[in-house]
Amino acid sequence: MRTLWRFGYSARLLNTNHFRTAASSTSFPAVWMLLAQYSGRIPGSFVVVQRNSFFTMPETVEDKADLELYSPPPKVRGMTQLSREAFKRTVVVPVLKVKKEIIGTLLKSLKHTVLQRPGLKRVIEDPEDENSRLLILDPHKIPEFSLGESEQEILKQFNIPPAVRKYDLELTYDNFKSEEILRAVLPEGQDVTSGFSRVGHIAHLNLRDHQLPYRHLIGQVIIDKNPGVTCVVNKTSIIDSTYRNFQMEVLAGESNLVTKVKENNIAYELDFSKVYWNPRLSTEHGRIVELLKPGDVLFDVFAGVGPFAIPAAKKKCSVFANDLNPESYNWLLHNCKLNKVYNKIKAFNMDGRDFLLGPVREELSKELPLQTEEQKTSFHIVMNLPALALEFLDVFRHLLVGEPCSTAVLPTVHCYGFSKHGDPAKDIQERAEASLGTSLDGRCSTYLVRNVAPNKEMMCISFQIPADVLYKRPCPAEEKPASKRLRTSKDFSEETLLS
């Protein structure tokens, strides 16, 4: 469902030095003692993302092995201003000397033994023989710099002596991954988790307090290791529940916060500092739109810049989209034009409650009585404001007046909420029922959208509004006006006194 993206890095071999045979005085245990002093083992996981995704990447056994071989020098610990020169170090790796005309074939045969670390060249020039090449092997798979039986058998087929040489490989800042750099720089023993969301050219971080002294370095590392990222920001306040935006600090790169993103094959433009956009909701946007059919009606109460509304309009649905934030409303109009659905969406800049009591009630009052067995329209109401949306559900109590049409399909609501309860589905249902004033047992479904934080889930509850909630049936007294009676002098005198 989601695509794993580890912090990218570009790596290359620099300043090749010299090599020596395994008979050298430098023993294998001594080499690994040298490497061990550079290890920066910090337990835990590293959260990383690609564009519209956000994931936790657990540390694997292979990752720990990489840490032993590919850790920056200890002197970078505590660095707050990035100095790329300080990351140079030399490691010892095993190599095979191979005739250049057979290097390609041998590389395929030894693909599980050669150095597989992305970005590093596995074949380099032999400084002593222009007709040969050096094939770099993975030191973790060549214990004691000695080839195993299977590798020796392969070399025998190519008439290559099984002599493994030691080679001094110089690594620079370009050869280290983001997580390796941050593990080496931040204080040892502290959590170095530093995830970010990708929003176009912007990387958005939520740094913890102990990471703040290193925030500008972290921002620059992210730009260096992720092609296309030119601006890194850190959230400095919680999301405002009124306009759903937050304060942010630019940590590195350009201060251009107007960006373009692509979600589910639809392009959106927005000012990330003024509107709400969460790339981790792309799957949920797609899930709801998938429920819609051409000809359906969608009421998007908290529409933002249009991630529900625009794909629904492209699906030939009738769309009513609203957002209280004037900036979101303007970008919604802009994105309607950008995606050529400007004439298919009616946009509003209103409070969500007023939108439901006004345009939504008016449209439902007009369209529901027109439903027939042959021609029915499905109505969907999306309420994606998880901090408050459940409190808006009371609007549906007696929203319409009259008797429900027997052939009408009552509107389906998709309402979002946060829950810290041990049973979030039950919690969301009970809170929805409290607002509606009725039970939803057997009449609703709940869906886990995502984990927002430890013990905090974002949920979606979907239900068809019960007729006894949506409609206010006129009572007999309201249907027939009371008969008039003659006013007496007593009535007149009482009215005069009261006035």
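Just so it is clear, the model here is predicted, and its values are computed rather than measured.

## With respect to the packing of aromatic side chains
Within a pair of aromatic rings, the relevant descriptors are the distance that separates the centres and the angle that separates the planes. All chains considered together, the criterion is met by nine aromatic pairs. Seen in terms of ring centroids, Phe 299 and Phe 379 are 6.4 Å apart; in terms of plane orientation they differ by 10 degrees. Their pairing is stacked. Taken together, the residues span a long stretch of sequence, with Phe 299 in strand S14 (residues 297-300) and Phe 379 in strand S17 (residues 379-383) at a distance of 80 residues. Neither residue differs from the other here; Phe 299 and Phe 379 are each classed as buried. Ring geometry for Phe 302 and Phe 392: centres 5.3 Å apart, planes at 80 degrees, overall edge-to-face. Taken as a pair, Phe 302 in the loop between S14 and helix H8 (309-314) and Phe 392 in the loop between S17 and strand S18 (400-401) lie far apart in primary sequence, 90 residues in all. Judged by its relative accessible area of 9%, Phe 302 is buried.

## As for the nonpolar core
Burial of nonpolar side chains together is a common tendency in soluble globular proteins. Ranked by size, the top nonpolar core spans 39 residues in total, and within it Phe 87, Val 185, Ile 222 and Val 232 carry the most contacts. When contributions to this core are tallied by element, the ones reaching two or more residues are strand S4 (89-99), strand S6 (132-136), strand S7 (165-171), helix H5 (178-185), strand S9 (202-205), helix H6 (215-225) and strand S11 (248-253). The dominant element in this core, judged by the number of residues it contributes, is H6, at five residues. Residues contacting Phe 87, with those up to four places away along its chain left out, are Pro 72, Pro 73, Val 76, Met 79, Leu 82, Leu 171, Thr 172, Tyr 173, Phe 176, Ile 181 and Val 185. Leu 385, Cys 415, Ala 432 and Val 469 belong to the second largest nonpolar core, which has 38 residues in total.

## A short note on the environment of Arg 215
Checked against the element boundaries, Arg 215 lands in helix H6. Judged by its relative accessible area of 24%, Arg 215 is partly exposed. Separated by 17 residues in the primary sequence, Arg 215 and Val 232 have C-alpha atoms spaced 9.8 Å apart. Ignoring anything within four residues of it in the chain, the contact list for Arg 215 reads Leu 207, Glu 249 and Leu 251. Among the polar contacts made by the side chain of Arg 215, one reaches the side chain of Glu 249 at a distance of 3.2 Å.

## Observations regarding the UniProt feature "binding site: S-adenosyl-L-methionine" (unreviewed entry) in the chain
When the UniProt feature table is mapped to this numbering, "binding site: S-adenosyl-L-methionine" (unreviewed entry) covers His 285, Asp 323, Leu 324, Asp 351, Gly 352 and Asn 384. Checked against the element boundaries, Asp 323 lands in the loop between strand S15 (318-322) and helix H9 (326-338). A polar side-chain atom of Asp 323 sits 2.8 Å from the main-chain amide nitrogen of Gly 304. By the secondary structure assignment, Gly 352 is in helix H10 (residues 352-367). A relative accessible area of 3% places Gly 352 in the buried class. Sequence-distant contacts of Gly 352, defined by excluding residues within four places in its chain, comprise Val 301, Phe 302, Asn 322 and Phe 392.

## Quick notes on H9
In an α-helix, one full turn covers 3.6 residues, which means residues spaced three or four apart are oriented alike. Compared with an ideal rise of 1.5 Å per residue, which puts 13 residues at 18 Å, H9 spans 18 Å between its outermost C-alpha atoms and is within 8% of the ideal. Residues Ser 328, Trp 331, Leu 332, Asn 335 and Cys 336 constitute the buried set of H9. Projected onto a plane normal to the axis of H9, the buried residues spread over an arc of 145 degrees and lie on a single side. Residue Lys 340 follows H9 closely and has a positive phi angle near 60 degrees.

## Examining the pairing of strand S10 (residues 231-235)
Counting buried residues in S10 gives four out of five residues, a clear majority hidden from the surface. Where S9 and S10 come together, four bridges link them in parallel fashion. Pairing of Leu 205 across the sheet is with Asn 234, part of S10.

## Description of the sheet that holds S10
The strand order S8-S9-S10-S11 describes an open sheet built from four strands, whose pairing is mixed. This sheet does not close on itself; its edge strands, each paired only once, are strand S8 (196-199) and S11. Sheet twist, expressed as the mean angle between neighbouring strand axes with direction ignored, is 25 degrees. Two strands pair when backbone bridges link them, and S10 and S11 are joined in this way by five bridges, in the antiparallel orientation. Across the sheet, Val 233 pairs through a bridge with Val 250, a residue of S11. Contacting S8, S9, S10 and S11, H6 crosses the sheet at an angle of about 55 degrees to S11.

What counts, and where the lines are drawn
- Residues numbered from 1 in each chain as written.
- Predicted model: local features only at pLDDT ≥ 70, side-chain atom pairs only at ≥ 80, totals over all residues.
- Heavy atoms only, no water.
- Phe/Tyr/Trp six-rings, centres within 6.5 Å; stacked < 30°, edge-to-face > 60°.
- Helix = DSSP H or I, 4+ residues; strand = E, 2+ residues; numbered from the N terminus.
- Buried < 20%, exposed > 50% of the residue type's maximum accessible area, 1.4 Å probe, protein only.
- Core = buried A, V, L, I, M, F, W, Y, C linked by side-chain atoms within 4.5 Å.
- Contact = heavy atoms within 4.5 Å.
- Polar contact = N/O pair within 3.5 Å; in protein donor to acceptor, adjacent residues only side chain to side chain.
- UniProt positions renumbered as here; feature names shortened; annotations may be inferred.
- Expected span 1.5 Å × (residues − 1).
- Arc of directions from axis to C-beta.
- Pairing = 2+ DSSP bridges.
- Axes fitted to C-alpha atoms, helices over the stretch in contact; angles between N-to-C directions.

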